[in-house]
There are 2 protein chains.
Amino acid sequence: MNPSNNLLLRALRREVVERPPVWLMRQAGRYLPEYRATRQQAGGFMEMIREPKYAAEVTLQPIRRFGMDAAILFSDILVPLEAMGMALKFDEHGPSLPEPVRTRDAIDALRLVDPGESMGFVGEALRLTRAGLPDETALLGFCGAPFTLAAYAVEGGGTKQFSYVRKLMYRDFESYSALMDKLAEQVAAHLRYQVACGADAIVLFDTWAGTLTRLDYLRYAAPWTRRVLRDVAGVAPRIVFAGDSGHFLEDLFEFGAEAVALDHRTALGPAFERARGRCALQGNFDPAALFATPEEVLRRTRALLDEVGGRPGHVLNLGHGVFKDTDPECVGAFVQAAKERAS
Amino acid sequence: MNPSNNLLLRALRREVVERPPVWLMRQAGRYLPEYRATRQQAGGFMEMIREPKYAAEVTLQPIRRFGMDAAILFSDILVPLEAMGMALKFDEHGPSLPEPVRTRDAIDALRLVDPGESMGFVGEALRLTRAGLPDETALLGFCGAPFTLAAYAVEGGGTKQFSYVRKLMYRDFESYSALMDKLAEQVAAHLRYQVACGADAIVLFDTWAGTLTRLDYLRYAAPWTRRVLRDVAGVAPRIVFAGDSGHFLEDLFEFGAEAVALDHRTALGPAFERARGRCALQGNFDPAALFATPEEVLRRTRALLDEVGGRPGHVLNLGHGVFKDTDPECVGAFVQAAKERAS
């Protein structure tokens with residue numbers, strides 16, 4: 001892959017491109033029958049992640065079927081927590097960490113690890129994926145942002161309340177900071193490792209950031225996100241995603257990342273005006289609008305691209321990951337809307 | 001209760017008041033030991049709702065303990081769906097409707113019912129609550145908004161994807177409209193009934209509205225919300241809550257409701273500027289910030305009130321319901337911050 005003429009990398013540099021690059025968050029996933037077949041063969045979700053041949057296979061599947069401009073490594077944002085010493089399980093309700101980290105001792109016991117030694121399967125999956133990718137397709141690595149990893153580590157899984165992490169941050173800021181410091185260092189190392197193994201750009205996912213008010217985000221999450229972004233500046237282009245973050249978009253624009261990913265609640269045209277060329281914008285088709293007919297998906301995606309109006313620095317994507325009940329034909333229509341723009 | 005000098009009703013009319021009225025969404029709930037005791041006595045969640053003496057008891061509990069300016073009837077937004085003919089269950093994962101409505105026949109089979117005949121326990125609970133309330137405390141009735149009820153009715157419970165209701169709205173708008181028409185009529189009847197039984201004001205909860213883009217909200221939810229609000233105009237003051245709705249706040253301000261409830265993501269000061277006196281604003285303390293210490297809750301609530309700066313038409317509340325792990329002392333600190341403002 002040649003970075004000087006790769007469509008995604010050019011868009012991340014806000015160059016004028018012949019058409020917007022397109023990929024979808026969670027494009028390797030349960031909505032694809034070939035993914036479900038590989039998962040059955042592998043024996044489970046974590047088994048796919050830990051075995052490079054399966055991880056590479058499901059990473060490549062959507063590229064083969066739809067020809068997106070970027071593949072994102074099939075893995076999970078919680079993989080580094082496992083490497084740091086936390087037990088990690090997946091079942092039909094999602095991830096769980098049965099031994100959550102809620103005391104200073106537990107935080108201090110988390111290990112900072114060398115990704116190549118502890119998560120070599122990630123690097124190997126990246127190398128295998130790169131070998132199987134068309135030359136023009138970019139390969140993305142990713143990691144969870146420190147706040148989102150802290151939320152999972154402290155809560156022990158998904159939650160609506162986030163009571164434990166909130167109590168930690170509000171009532172024992174010193175321990176919270178110690179945890180965030182450690183996570184930021186591990187996250188940066190994980191991203192650098194993925195670039196060393198072939199990732200062309202990286203995505204930092206802060207899934208839970210939008211549950212915070214702007215002031216709490218700036219105090220309890222942003223400093224460590226910025227630290228990670230600084231640590232990997234110049235290593236590879238950086239895309240930062242914070243879920244449901246319309247209320248602190250201006251702050252995200254200031255982080256120095258090459259791109260900010262928007263969710264579907266934020267209108268894309270006005271967001272370009274607000275970004276004022278500080279970064280590229282990724283997004284932001286409503287993933288649940290993929291439940292419309294393929295014709296309607298095509299029409300809506302065209303309307304989204306018309307709203308962007310060919311402004312430089314747009315990466316077409318969803319506002320959140322593909323849902324498992326999505327009709328693959330609708331994903332096809334979404335990708336087609338980008339590809340048909342080529343002049 | 002005398003509407004001409006009730007603090008909440010005066011704030012909803014945007015009169016200058018001596019201090020902001022305060023109540024909390026889900027203030028009757030699991031965070032209170034006395035609630036848990038009543039629930040155990042009643043035998044379950046639905047049992048409390050269906051038995052007026054229990055419903056009134058838990059409605060009164062937070063008023064006795066904290067002295068909020070309004071009590072909101074303990075019930076559930078899905079009660080009308082059950083009355084319309086849908087089976088309804090509650091367990092530790094939340095509500096479920098085991099026979100979701102996904103076909104035109106199922107939609108047509110939903111019954112429009114007289115609330116007094118089918119949900120007489122609601123009216124009786126309101127009367128019992130009123131009898132037990134201090135004279136100066138307002139009593140609120142409520143109902144789910146049509147879109148949120150439709151989402152539950154079609155999905156059969158909580159979900160992240162909303163695939164069935166999206167497919168229905170996008171692919172069979174005629175059936176979707178038929179469902180929404182029916183729900184809007186039942187919702188309006190339910191609200192009028194509650195006012196007839198003693199509710200001083202009503203709250204319309206559109207929990208899932210914020211999952212929609214603005215354009216989809218305007219097309220698939222707002223018309224029916226507006227219809228309900230029109231149907232009950234002049235009957236009692238109307239508070240409309242739409243979760244995570246910062247992206248269509250301007251539209252909510254146009255609905256003619258006496259108040260719009262904001263979630264914690266929207267900054268309250270600027271929201272008052274944007275509302276330009278069209279309605280009162282309710283909110284919007286982050287419910288998860290109640291996990292801070294009582295001192296910090298007091299400090300933050302004072303800061304929120306300072307941001308409002310005594311503008312008329314503010315009802316102090318959370319941005320969402322109280323979480324079950326909340327320390328009652330923190331709710332007390334929140335209420336205190338409003339009460340100490342009395343001159």
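K.L.:
An account of the pairing of strand β8 (residues 280-285) of chain A is needed here, citing residue identities and associated values.
P.N.:
All names here are of chain A. Within β8, 6 of the 6 residues are buried, leaving the element largely enclosed by the surrounding structure. Note: strand β7 (residues 259-261) against β8, 3 bridges, orientation parallel. Looking at the pairing, Ala261 lines up with Gln282 of β8. Handedness of the crossover is the feature at issue here: the chain leaves β7, passes through helix α15 (residues 268-275), returns alongside β8, and the resulting connection is right-handed. Bridge count for β8 against strand β9 (residues 314-318) is 5 bridges, and the pairing is parallel. Residue pairing across strands places Asn284 opposite Asn317, the latter belonging to β9. Crossover β8 to β9 through helix α16 (residues 294-308) is right-handed.

K.L.:
I'd love a proper account of the sheet that holds strand β6 (residues 238-242) of chain B, names of residues and values included.
P.N.:
Residue and element names in this part refer to chain B. Read across the sheet, 7 strands follow the order β1-β4-β5-β6-β7-β8-β9 without closing on themselves; strand pairing throughout is parallel. At either margin of the open sheet sits one strand with a lone partner, and together these are β1 (70-72) and β9 (314-318). With strand direction ignored, the average angle separating the axes of adjacent strands in the sheet is 25 degrees. Across 5 bridges, strand β5 (residues 201-206) lies against β6 in parallel orientation. Bridge pairing in β6 places Phe205 opposite Phe241.

K.L.:
Explain the interface of chain B and chain A residue by residue, including any values.
P.N.:
Contacts between chain B and chain A engage 25 residues on the former and 25 residues on the latter. A per-class count over the side of chain B that touches chain A returns 7 nonpolar, 9 polar and 9 charged.

K.L.:
How would you sum up the pairing of strand β4 (residues 138-144) of chain A? Please name residues and give values.
P.N.:
All names here are of chain A. Within β4, 7 of the 7 residues are buried, which leaves the element mostly enclosed by the surrounding structure. Burial along β4 is two-sided: Ala138, Leu140, Phe142 and Gly144 and Leu139, Gly141 and Cys143, pointing in opposite directions, are all buried. Sheet analysis places strand β1 (residues 70-72) next to β4, joined by 3 bridges and oriented parallel. Note that in β4 the partner of Ala71 across the bridge is Leu139.

Parameters at a glance
- Residues numbered from 1 in each chain as written.
- Chains lettered and ligands numbered in written order.
- Predicted model: local features only at pLDDT ≥ 70, side-chain atom pairs only at ≥ 80, totals over all residues.
- Buried ≥ 20, exposed ≤ 12 C-beta atoms within 10 Å, placed from the backbone.
- Helix = DSSP H or I, 4+ residues; strand = E, 2+ residues; numbered from the N terminus.
- Pairing = 2+ DSSP bridges.
- Right-handed = clockwise from strand over helix to strand, strands pointing away.
- Axes fitted to C-alpha atoms, helices over the stretch in contact; angles between N-to-C directions.
- Contact = placed C-beta atoms within 7 Å.
- Nonpolar A, V, L, I, M, F, W, Y, C, P; charged D, E, K, R; others polar.

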